[in-house]
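Listed here are the chains, written in short residue letters.
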Amino acid sequence: MKLATYRLPDGRVRHGEIVGAGGRVTDLGPGDLSAVIGALGAVPSGEPAHDLDDVTLLAPLLRPGKVLAVAANYQEHVTETGGDPIDKSRISPRLFLKPATSVSGPGEEIALPSVSPSVDWEAELVAVIGRGGKDIQVEDALDHVGGYTIGNDVSARTMDYGHERDTADSAVAFFDWLNGKWLDGFAALGPYLVTADEVPDPQKLDVVLDVNGRVRQRGDTGQMIFNVAELVAFASRLMTLEPGDVIYTGTPSGVGVASGEFLSAGDEMTVRVTGLGSLVNRVR
């Protein structure tokens, strides 16, 4: 199933299933997909109610309980940003949190912040938790994923707070990196959720991002250092995962900071992941 959250012309937010090649959406109820995310196997079928052209698709989950993301999960991306080869037997996934206010939806404009001149893109597969749990075993982890969608972990690579700071200090550098992940709109998500039964192997998906029609990132999820199951299991050792939590699973090589090219007002980013559609956002 392809499940979407959408806004009607009168401003009401509803959720439903996208059906048919012509692009119709059923109406399954008010609010976003959080209403059904914990029971995806029992989502009822509805009669087509709206043409997709007549509604505005929103982020599938408008305010996820937890927005988790993993840094440095593709070796080529680590290498292009100056990192050493990663031996996964000697490290753990590098998880961090983004606030719910960083979520933006398909077609939504992402504002360049006043605190950074160097805003970058990061195309990602996003796993959405459908069944919660704690201390989940790797072999059981994918059973806890309700579906998948596309993410763009937009990132401010440098921070300027208007006063001098010792950016050579490792603590300052780390928190600048982390703060650069937290800005409004910097967790683009969408355009819809594809249920896990339609993604039999999340490690066999292409991930592509272009800016203004120029391909900047091209990779596949088989290149992940830690796969989706390992990420879900590890995250569940740190915190109880709940239905509707989302996990950005890392980005392949081709980010702007590697070439010194960053986003400008008017740029358009398009992320495509096999079977999950396209996530498009403009920069303002």
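Because the structure is predicted, anything quoted here is derived from the model rather than measured.

A.B. asks: I tried to follow unusual backbone geometry on my own but got confused; where do I start?
C.D. replies: A negative phi holds for most residues other than glycine; trans holds for most peptide bonds. In this structure, Pro-191 follows Gly-190 across a cis peptide bond, with omega equal to 5°. Note on placement: Pro-191 falls in strand S14 (residues 187-195). The backbone phi angle of Ala-72 is positive, close to 55°, even though this residue is not glycine. Among the residues examined, Ala-72 registers a relative accessible area of 22% and is labelled partly exposed.

A.B. asks: How should I be thinking about helix H4 (residues 228-238) in this particular structure?
C.D. replies: Each α-helix winds once per 3.6 residues, and so residues spaced three or four apart point in a common direction. With eight of 11 residues buried, H4 is to be regarded as a mostly interior element. Listed in full, the buried residues belonging to H4 are Val-228, Ala-229, Leu-231, Val-232, Ala-233, Phe-234, Ala-235 and Ser-236. Packed against the buried residues of H4 are strand S7 (67-71), strand S8 (94-98), strand S11 (123-129), helix H2 (138-141), strand S12 (145-153) and strand S17 (246-248).

A.B. asks: Please explain the packing of aromatic side chains as it appears in this structure.
C.D. replies: Aromatic rings considered in pairs are described by the distance between their centres and by the relative angle of their planes. By the definition in use, this model includes three aromatic pairs. Between Phe-96 and Trp-177 the ring centres are 5.0 Å apart and the planes differ by 75°, which places this aromatic pair in the edge-to-face class. Of this pair, Phe-96 sits in strand S8 while Trp-177 sits in helix H3 (residues 170-179), and the two are 81 residues apart along the sequence. You can call Phe-96 buried: its relative accessible area is 7%. On the numbers, 5.2 Å between centres and 80° between planes, the contact of Phe-174 with Phe-175 is edge-to-face. Through a chain of ring-to-ring contacts, the aromatic side chains of Phe-96, Phe-174, Phe-175 and Trp-177 assemble into a single cluster.

The rules behind the values
Residues numbered from 1 in each chain as written. Predicted model: local features only at pLDDT ≥ 70, side-chain atom pairs only at ≥ 80, totals over all residues. Heavy atoms only, no water. Helix = DSSP H or I, 4+ residues; strand = E, 2+ residues; numbered from the N terminus. Buried < 20%, exposed > 50% of the residue type's maximum accessible area, 1.4 Å probe, protein only. Contact = heavy atoms within 4.5 Å. Phe/Tyr/Trp six-rings, centres within 6.5 Å; stacked < 30°, edge-to-face > 60°.

Any functional reading would require information that these geometric values do not contain.
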